[in-house]
Amino acid sequence: MKPDYDFKGIEQKWQEIWETQRVHEAVDFGVKPKFFGLIEFPYPSGSGLHMGHLRAFTSLEIVSRKRRLEGYNVLFPIGFDAFGLPTENYAMQTGRHPRSVTDDNIKTFTSQLKALGYSFDYSRVVDTTDKDYYKWTQWIFVQLFKKGLAYKSTAYVNYCEKCKVILANEESQGGVCDRCGSDVIQKEKDVWFLKIRDYAESLLDGLEGLDYLPRIKTEQINWIGKSEGAEIDFAVKGGKPGQKLRVFTTRADTLFGVTFMVVAPEHPIIAENAGFISNLRQLEDYRAETRKKNEFERAHVNKDKTGVKIQGLTAVNPINGLEIPIFIADYVTPDYGTGAVMAVPAHDTRDYEFAKKFDLPIVEVIAGGDISREAYTDIQNGVMVNSGFLNGLSVKEAGKAVVGKLTADGIGCKKINYNMKDWAFNRQRYWGEPIPIIYCPKCGAVPVPEADLPVVLPPLDRYRQSETGESPLAGVSDFVNCKCPVCGADAKRETDTMPQWAGSSWYYLRYIDPKNPNALADYEKLKYFGPVDWYNGGMEHVTRHLIYSRFWNQFLYDIGVVPFREPYKKRTAQGLILGEDGAKMSKSLGNVVSPDSLVRDFGADVIRLYTMFIGDYESSIPWSNAGIIGCRRFIERVYNLLDIADLSQDSISQKREGAVNRLIKKVSEDIECLKFNTAIAAMMTFLNEVTSENAITKGELRILLLLLYPFAPHISEEINELLGYSTILAKSDYPKYDPSKLTDAEIELPVQINGRLKGTVRVAAEASLDEVKAAVRANPALSALLSGNAVKKEIYVPKKILNLII
RNA sequence: GCCGAGGUGGCGGAAUGGCAGACGCAAAGGACUUAAAAUCCUUCGGGGGCAACCCCGUACCGGUUCGAGUCCGGUCCCCGGCACCA
């Protein structure tokens, strides 16, 4: 007799055995083929693991365990993305140092992960807030700086005048300060940027060979936002001599239809020609209004077109010499294209609205629409009109002709633009990697010499920004004051820190060589383990995080530090787990389900299994406690198979050959394409079959255990041991199926008459049409339906269907 | 507005163009029990019929096909992402 199912004891026992035997540690330069499985490392928040982590981690946990049985040297690491706002805010409220808060949280996370039996290689844990780690984050920044890919410029940041702090976007949602509720304004600030735009084309190209889910590729392509068009110079009258206004357009074909110009309120043409403009005050007022709006409002709330005409300046259309007015309007943004557009109201919806509002002329240059009602924007159809030498051409031909002429005249050229903005890279926060730059009055911004890295975060009494919005580090004079590494003069350190995206942009590399003091990772080890074979995470990270880290990897490849250009061969994404009420799980809604209590009540195996069984892996799904019991029953019933198993039979019984082979195929293939729910369902079906027949051989049971092992490893190991096997499953081989034994000799073939199902006949799987027809005649019900009717047509798809048309 | 993914029982969900609803939950009935829990058995999309069986059914309208949840055209609705991108 076997003991009762004591999941607590069993799970602890096997976790210890695996740890002692070190079965989950990856071997540097191992002889087996390597597999690098990566999950997005968690932010160690104070509330511990949540259900989303379980769903995200369990999938690749299953794949990783399967790969080990398949003979791979598996690197399945874990770490912590521990810099960030919540910890800093918590530290501010409680007076505790973020370091000790982080350490505690990491401890909690680690024990939770271990209790779930995840087979991470805990000997390679990475913590982005460890100075031995962020030394290399800083080192990468220095390399970017040296290659001219990090630069300083001004930009607008969210600022609360009452709290006197700069706010992150998530702290200023809806244009209101998170802390005090007052309005957030846009304040001009020095900002560090990384030139990710220089890598736009490369990031686009690189996608081609990658095995990312199609929707993930699409999101990245949209995010990069490549558009091909032309830049055109318009001469400006009334301003400085030789003043020009350069625009970007994708519709050079419509140049004859330009009736006015619009520039962003921030456009430099205003300051540069201030002396020639008569309504400067009015323009500045409008600009000030614009600045009050954050990006959200500018894009969403302000659907109504507004703007102000620049009095004193006009532009000249280079194609027809027409003199046209110039406006400023906030629908034109300063950081896309040239911050100036040529307005073609007849063929652009926004320009159309603006022209209507300001009563500007609308000139049709493409026939086919009704411009008295709306802008005509179809570029596929339509013929050029009112366009001089372009008349009669198609839109495409006209575009080419215009760009050709402008290029010849030296006032325009082809141009590609990207929607993706450069990466704003500094934060006025304490709990982040200090940006390793020193400002020297003589030498300017100088990178900290590599030998002096890391620039360590000093201890602090208070974590608040200064009244001017400077980082808390600005108040630490020992930190700020230093010598210029170039000339030795008195200098000051940069006091801003990096965004949370920094540490997570290269962590997968550090897993390969986590303790290396001389390089971010050894080149040969990178060659062996890299790139990541399979990366799984949330859809919310497939643009920013995934693009940022691809950018860094491509850069590190370009400077010869990393031996592969693309970091992730394959990327998948799980759906959200919602609260039982169908809303996003959140503390404020009180619908959060804690993995801790579930593991306590049901055990890790049941929870892991249920998390994968609950539904389609890629869809959002409401959590339901009610369903867990089904997985608990399943596991107990598998355990109870010990009572009926025929221990004398190591082989697979003749009658079960088809079922066992199909099961192996189904489970192993479903795991590879994220269909965990149907893999589990197949095992349940198999279990139902053997229990209803009350028979299973020892050999059949072991195969079931090997298939179940990646999902529910503890109980599988336990049953395997009770069966008397001396090799633990963790060191066993994954079962293979025999393709020739997938179908049973006899099948139930559905029979349709006139396309409607009328019954089934039992025939050999490879039966001929004549044999099937004989079986139909032998079936009383079917032959009765056919009697007296001539069969006009017979459709027979072997193993699928017989359809008789009468 | 654009891009993407969807719409199937009371619920979560299955279904290379070939028996719609696998598997699980919930529910109902029964067995066991002094009783309950657990477990086991049965039923479980809707309608009709004493019954064998018949009819309807995968958001809606139409099409292709021997055969459509699946393919094509159109409509509606939900979800995710991006958004005045010139």
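That block above? That's the structure.
Scope of this entry: the structure provided in the associated data block. Bear in mind that the values here come from a model prediction, so they are computed numbers and not experimental data. (Residues numbered from 1 in each chain as written. Chains lettered and ligands numbered in written order. Predicted model: local features only at pLDDT ≥ 70, side-chain atom pairs only at ≥ 80, totals over all residues. Heavy atoms only, no water.)

Turning to the nonpolar core, a few remarks are in order. Considering soluble globular proteins, one finds that nonpolar side chains tend to be buried as a cluster. Trp623, Phe634, Val667, Met683, Leu701 and Phe711 are the most contacted members of the largest nonpolar core, which has 87 residues in total. When residues of this core are assigned to their parent elements, the largest contribution, 9 residues, is made by helix 21 (residues 676–693). When neighbours within four sequence positions are excluded, Trp623 is seen to be in contact with Met51, Ile577, Leu578, Gly579, Glu580, Met585, Val593, Leu598, Tyr610, Thr611, Ile614 and Ile628. Core analysis: the next-biggest nonpolar cluster, separate from the first, contains 86 residues, Phe36, Phe83, Leu207 and Tyr463 among them. (Core = buried A, V, L, I, M, F, W, Y, C linked by side-chain atoms within 4.5 Å. Buried < 20%, exposed > 50% of the residue type's maximum accessible area, 1.4 Å probe, protein only. Helix = DSSP H or I, 4+ residues; strand = E, 2+ residues; numbered from the N terminus. Contact = heavy atoms within 4.5 Å.)

Here we come to unusual backbone geometry. Of note, the amide linkage connecting Leu453 to Pro454 takes the cis form, showing an omega dihedral of 0 degrees. Within the secondary structure layout, Pro454 lies in the loop between strand 20 (444–447) and helix 13 (477–480). Omega for the peptide link from Gly530 to Pro531 comes to -10 degrees, which places this bond in the cis form. Mapped onto the secondary structure, Pro531 falls in the loop between helix 15 (523–529) and strand 23 (534–538). The backbone of Arg22 shows a phi angle near 50 degrees, a positive value even though the residue is not glycine. Here Arg22 lies in the loop between helix 1 (7–21) and strand 1 (34–39). Look at Arg22 and you get exposed, because its relative accessible area is 54%. With a phi angle near 65 degrees, Leu674 is a residue other than glycine that sits in the positive phi range.

Turning our eyes to something else, we now look at the pattern of salt bridges. Under the defined criterion, the tally for this structure stands at 49 salt bridges. Between Arg65 and Glu61 there is a salt bridge, with the nearest N and O atoms lying 2.7 Å from each other. Of this pair, Arg65 and Glu61 are both found in helix 2 (residues 51–69), 4 residues apart, which corresponds to roughly one turn of the helix. Taken individually, Arg65 and Glu61 each receive the classification buried, so the pair is uniform in this respect. (Salt bridge = Lys/Arg side-chain N within 4 Å of Asp/Glu carboxyl O.)

Neighbouring RNA strand B are 51 residues; Lys305, Tyr336, Arg350, Ile614 and Asn803 lie closest to it. When atoms of RNA strand B within 4 Å of the protein are split into backbone and base, the sugar-phosphate part holds 60%. Lys758 is positioned such that a nitrogen or oxygen atom in its side chain is 3.4 Å from a phosphate oxygen of RNA strand B. Lys800 places a polar side-chain atom, nitrogen or oxygen, 3.3 Å from a base oxygen of RNA strand B. Here the residues of the surface near RNA strand B are counted per class, giving 19 nonpolar, 16 polar and 16 charged. (Near = heavy atom within 4 Å. Polar contact = N/O pair within 3.5 Å; in protein donor to acceptor, adjacent residues only side chain to side chain. Nonpolar A, V, L, I, M, F, W, Y, C, P; charged D, E, K, R; others polar.)

This paragraph deals with the layout of surface pockets. Quantified by volume, the second largest pocket comes out at close to 430 Å³. Forming the walls of the second largest pocket are 17 residues, and the residues nearest its centre are Glu228, Gly229, Thr250, Gly399 and Lys400. Within the residue set of the lining of the second largest pocket, elements represented by two or more residues are strand 9 (226–237), helix 12 (395–409) and strand 17 (412–418). Of the residues forming the lining of the second largest pocket, the biggest block, 5 residues, is contributed by helix 12. Residue composition of the lining of the second largest pocket, by class: 6 nonpolar, 4 polar and 7 charged. (1 Å grid on protein atoms, 1.4 Å probe; cavity = no way out; pocket = protein on both sides within 12 Å on 5 of 7 lines; lining within 4 Å. Points joined across faces, edges and corners; volume = space filled by probe spheres on them.)

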